[in-house]
Amino acid sequence: MKSVSGKALCKIVKRRGWELKRITGSHHLYAKKGVKSILSIPVHGNRDLPLGTLKSLMKDGGLTEKGLQYGLLRRFNLKKRSVDSLAVSIRSTLLEGFSSYAFIGEPSHGRLHY
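Residues numbered from 1 in each chain as written. Predicted model: local features only at pLDDT ≥ 70, side-chain atom pairs only at ≥ 80, totals over all residues. Heavy atoms only, no water.

A. Geometry of the overall build of the protein chain. Per the secondary structure count, the protein chain includes four helices and five strands. N-terminal to C-terminal, the α/β element order of the protein chain is α-β-β-β-α-α-α-β-β. The proportion of buried residues among the 114 residues of the protein chain is 23%. The contacts of the protein chain with a sequence gap of at least 6 include a subset with a gap of at least 24, amounting to 43%. (Helix = DSSP H or I, 4+ residues; strand = E, 2+ residues; numbered from the N terminus. Buried < 20%, exposed > 50% of the residue type's maximum accessible area, 1.4 Å probe, protein only. Contact = heavy atoms within 4.5 Å.)

This is how it looks when you write it as structure tokens:
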């Protein structure tokens, strides 16, 4: 299972009927009528959640891995086959960005110039 960011998980649980009750520090607390548990989702920028935390939140929130994947696909308006091509395009874009840098001087200096 691939991890997702806390920000993305917040959007997914919101679509699933969970309501944001309050924010305490960097933790967003969600509740849902008829469900006794409260989801405390840590949102630290776009950092991915640890897998154990994500699995625990999914269990408490009644989410499945398939549902999580579907929520991510809907979030980015993608079709399932587009996910692999998106990953390839992101990877190639990153590699192209690094190839535009050139090392100047001795390689041991490691200075990057644009």
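B. Representation of the environment of Y30. Examined against the element boundaries, Y30 turns out to sit in strand β2 (residues 27-31). Given a relative accessible area of 4%, Y30 falls into the buried group. Residues Y30 and I41 lie eleven residues apart in sequence; the distance between their C-alpha atoms is 7.9 Å. Those residues within four positions of Y30 in sequence are excluded, and the remaining contacts are C10, V13, W18, E19, L20, I38, L39 and I41.

Read these as layout, nothing more, since geometry by itself doesn't imply function.
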